[in-house]
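Listed below, chain by chain, are the residues.
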Amino acid sequence: MGEHAPLKASGEAAATPQSKVSAKKPKAAPAARRAESRLAMVRRARRINRELAEIYPYAHPELDFRNPFELLVATVLSAQTTDLRVNQTTPALFAAYPTPEDMAAADPAHLEELIRPTGFFRAKSRALLGLSQALRDNFGGEVPGRIEDLVTLPGVGRKTANVVLGNAFGVPGITVDTHFGRLVRRWKWTEQEDPEKVEAEICAIFPKSEWTMLSHRVVFHGRRICHARKPACGACPIAPLCPAYGEGETDPEKARKLLKYEKGGQPGQRLSPPPDYPGLPAPAAAPQP
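Structure report, in brief.

Analysis parameters
- Residues numbered from 1 in each chain as written.
- Predicted model: local features only at pLDDT ≥ 70, side-chain atom pairs only at ≥ 80, totals over all residues.
- Heavy atoms only, no water.
- Helix = DSSP H or I, 4+ residues; strand = E, 2+ residues; numbered from the N terminus.
- Buried < 20%, exposed > 50% of the residue type's maximum accessible area, 1.4 Å probe, protein only.
- Contact = heavy atoms within 4.5 Å.
- Areas by Shrake-Rupley, 256 points an atom, 1.4 Å probe, with all protein chains shown as cover.
- Salt bridge = Lys/Arg side-chain N within 4 Å of Asp/Glu carboxyl O.
- Core = buried A, V, L, I, M, F, W, Y, C linked by side-chain atoms within 4.5 Å.
- Phe/Tyr/Trp six-rings, centres within 6.5 Å; stacked < 30°, edge-to-face > 60°.
- Lys NZ or Arg CZ within 6 Å of the ring centre and 35° of its normal.
- Arc of directions from axis to C-beta.
- Polar contact = N/O pair within 3.5 Å; in protein donor to acceptor, adjacent residues only side chain to side chain.
- Expected span 1.5 Å × (residues − 1).
- Disulfide = S-S within 2.5 Å.

**Structural notes on the overall build of the chain**
Alright, step 1. Of regular secondary structure, the chain possesses 13 helices and zero strands.
Alright, step 2. From first element to last, N terminus to C terminus, the chain shows the α and β order α-α-α-α-α-α-α-α-α-α-α-α-α.
Alright, step 3. When each of the 289 residues of the chain is scored for burial, the buried share is 51%.
Alright, step 4. Residue pairs in contact within the chain that sit at least 24 positions apart in sequence constitute 64% of those at least 6 positions apart.
Alright, step 5. Carbon and sulfur atoms provide 53% of the accessible area of the chain, an area that totals close to 13,900 Å².

If you want it as structure tokens, here you go:
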């Protein structure tokens, strides 16, 4: 979370996850799987979750925040952009408007200018003004801790609500973003495309206590190894459990070159990552000329 101090990472620490990945040379998955029963799929899914928990024991939300309001705003801003871009943008935003009351009274032009780097800044500005005014007028200036209330706020759907509930209030939830949806379909946990249907089917596979951390682990894996265009199959520790093995690069050496963030020895997306994050903090935004 944003309250964590920036990690003082060494080069050795940054390399640890990559060595952990490469140390486990994946076996090729079967060319064709027999029809899998529901029970077998659930067992395989839960095993994948256990494996991901070992690979990413430090999985966390990759948006910097210090309180529920900051997480809510950052999540709204994260649409159609990277978490890194949001994290580089929010320090100045929250310095100017630290509370819902402050943001509700913001000059729209100034708000738009502050969030311009995240893209779609006019629509996002309207959403931020609307949700801040709703928090001020309907919820006493506090972010509500119920999904029924959160989804009434402008610009807030189930995905954003589950992010806030799971990470600011400790209420379990599945967050279905593009990475999560892509991977659970590759793993044959669901064939659904609609995010709410995906959420319902995945919730039925796992105990409620796992929902929030499962979301983080799957998204981490999607961003670091199981990419959309060219998955690093040859460097994937869960390749033997993956029905989609072979869609990406299977040569171990070539696959390792596709690894991203801490798995590739590069900075992560948070400027203030948790203390157990084994990679490098992201750089702050370059100062304006």
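**Some thoughts on the pattern of salt bridges**
Alright, step 1. For the structure shown, the criterion picks out 15 salt bridges.
Alright, step 2. Salt-bridge contacts for Glu 70 lead to Arg 66; the nearest nitrogen and oxygen are separated by 2.6 Å.
Alright, step 3. Linking Glu 247 and Arg 186 is a salt bridge whose minimum nitrogen-to-oxygen distance equals 3.4 Å. Taken together, the residues Glu 247 in the loop between α12 (211-224) and α13 (252-256) and Arg 186 in helix α10 (residues 178-186) connect sequence positions 61 residues apart.
Alright, step 4. The exposure class of Glu 247 is exposed, given its relative accessible area of 53%.
Alright, step 5. Classification of Arg 186 as buried rests on a relative accessible area of 11%.
Alright, step 6. When salt bridges that share partners are traced, they join Glu 62, Asp 83, Arg 223, Arg 224 and Glu 262 into one network.

**Comments concerning the nonpolar core**
Alright, step 1. Counting residues in hydrophobic clusters, the biggest one holds 39 residues, and the most contacted among them are Phe 180, Trp 187, Trp 189 and Ile 202.
Alright, step 2. For this core, the elements supplying multiple residues, two or more each, are α2 (38-55), α10, α11 (195-203) and α12.
Alright, step 3. Not counting residues up to four positions away in its chain, the partners in contact with Trp 187 are Arg 44, Ile 48, Leu 52, Val 218, His 221, Ile 238, Cys 242 and Pro 243.
Alright, step 4. Core analysis: the second largest hydrophobic core is formed by 34 residues, Leu 71, Ala 127, Leu 131 and Val 156 among them.

**Structural notes on the packing of aromatic side chains**
Alright, step 1. According to the stated counting rule, one finds seven aromatic pairs in the structure shown.
Alright, step 2. The interplanar angle of 80° and the centroid separation of 6.3 Å between the aromatic rings of Tyr 56 and Tyr 58 together place this pair among those described as edge-to-face. The same class applies to Tyr 56 and to Tyr 58, which are both buried.
Alright, step 3. Taken together through their ring pairs, the aromatic side chains of Tyr 56, Tyr 58, Phe 220 and Tyr 277 make up a single cluster.
Alright, step 4. Arg 116 extends its terminal NZ or CZ atom over the ring of Phe 121, reaching a point 4.3 Å from the ring centre.

**Remarks on α11**
Alright, step 1. Taken together, the buried positions of α11 are Val 198, Glu 199, Ile 202 and Cys 203. The buried side chains of α11 occupy one side of the element, clustering within an arc of 125° when seen end-on.
Alright, step 2. Structurally, α11 contributes buried residues whose contacts are with α9 (158-168), α10 and α12.
Alright, step 3. For α11, the side-chain oxygen to backbone nitrogen distance between the N-cap and Glu 196 is 3.1 Å, and the N-cap itself is Asp 194.

**Structural notes on α12**
Alright, step 1. With 14 residues, α12 should reach 20 Å at 1.5 Å per residue; the first-to-last C-alpha distance of 20 Å fits that figure.
Alright, step 2. Across the 14 residues that make up α12, a large majority, 13, are buried.

**Looking at the state of the cysteines**
Alright, step 1. All chains considered together, the criterion is met by zero disulfides.
Alright, step 2. The cysteine Cys 233 is free of any disulfide, with Cys 242 supplying the nearest cysteine sulfur at 6.5 Å.

**Section: the environment of His 216**
Alright, step 1. If you trace the backbone, His 216 turns up in helix α12.
Alright, step 2. What makes His 216 buried here is its relative accessible area of 11%.
Alright, step 3. Distance from His 216 to Glu 62, taken between C-alpha atoms, is 8.9 Å for residues 154 residues apart in sequence.
Alright, step 4. In contact with His 216, other than residues within four places in its own chain, are Ala 59, His 60, Pro 61 and Asn 167.

**Quick notes on the environment of Glu 142**
Alright, step 1. Relative to the helices and strands, Glu 142 resides in the loop between α7 (121-138) and α8 (147-150).
Alright, step 2. For Glu 142, a relative accessible area of 54% corresponds to the exposed category.
Alright, step 3. Separated by 43 residues in sequence, Glu 142 and Thr 99 place their C-alpha atoms 9.0 Å apart.

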